[in-house]
Amino acid sequence: MQLVFATHNQNKFEEVRKILPSHIQLRSLTDIGCATEIPETGKTLEENAKLKADYVTKKYALPCFSDDSGLLVDALNGAPGVYSARYAGPQKNANDNMNLLLTELKGVANRAARFKTIIVLNLGAASHMFMGTVEGTITTEKSGSEGFGYDPIFKPKGYDQTFAALPLEVKNTIGHRGQAIKELLAFLKNAQNEQR
């Protein structure tokens, strides 16, 4: 089975590819010849994920899924949220985003936060939505060299290390994107069983 993951983000693509079973051939936007940076103009993660999946479905008529993920910080009323990738500006620089967040949380005692991923799968004429979340806290400084985005400053609940310091296998098991992908895979398995 071939599935398009509507992303140009190679880090995200590799993270998801490692979770998927071998019978699913994952293709990126680059793989299908889409050089467009699909605009994320939605006001929610759900809207953005749907915009990207619908773009691929409409233009390429291929089965696809897309995700939108955000970091929601309690002390900032859920920010950066839907603007996580461009929190410090349109350059979408992870270090700039983390530095701004750490500055805004300087001296703040409540550092509770969560990552949330929404996946929208367009298969046939139907659209399906899946969600994954992981609770944690924002650290006071960066730690670890793995992962991407806010991983160096996010410590998942029950762990002493940030996502960037934990092995990818652990992140994929407990992480927001991994949870949403597992929901997606369970759905695909059920759909295949019903077709038999």
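Refer to the structure above for everything that follows.
My aim in this report is to walk through the structure given alongside it, one point at a time.

Re the environment of E14
Turning to its location among the elements, E14 is positioned in helix α1 (residues 10–17). For the pair E14 and S28, spaced 14 residues apart in the sequence, the C-alpha separation amounts to 9.9 Å.

Quick look at unusual backbone geometry
For the peptide bond that leads from A79 to P80, omega is 0°, which places it in the cis range. Relative to the elements of secondary structure, P80 occurs in the loop between β3 (64–73) and α3 (94–104). A positive phi is found at A61, a non-glycine position, where the angle reads about 55°. Following the sequence through the fold, A61 ends up in the loop between α2 (45–60) and β3. The exposed category is assigned to A61, whose relative accessible area is 65%. The residue K92 is not glycine, and still its phi comes out positive at about 50°. Checked against the element boundaries, K92 lands in the loop between β3 and α3.

Describing the side chain of K52
Within the secondary structure, K52 is located in helix α2. When its relative accessible area of 6% is taken as the criterion, K52 is described as buried. K52 has contacts with A6, I38, E40, S66, D67 and D68, leaving out every residue within four places of it along the chain.

Brief notes about the pairing of strand β1 (residues 2–5)
Two elements, β1 and strand β2 (residues 25–27), share three bridges in a ladder whose sense is parallel. For L3, the partnering residue across the bridge sits in β2 and is L26. Pairing between β1 and β3: two bridges, direction parallel. Within β3, the position partnered with F5 by the bridge is F65.

Quick notes on the rules
- Residues numbered from 1 in each chain as written.
- Predicted model: local features only at pLDDT ≥ 70, side-chain atom pairs only at ≥ 80, totals over all residues.
- Heavy atoms only, no water.
- Helix = DSSP H or I, 4+ residues; strand = E, 2+ residues; numbered from the N terminus.
- Buried < 20%, exposed > 50% of the residue type's maximum accessible area, 1.4 Å probe, protein only.
- Contact = heavy atoms within 4.5 Å.
- Pairing = 2+ DSSP bridges.

Spatial relationships are all this shows, so hold off on functional conclusions.
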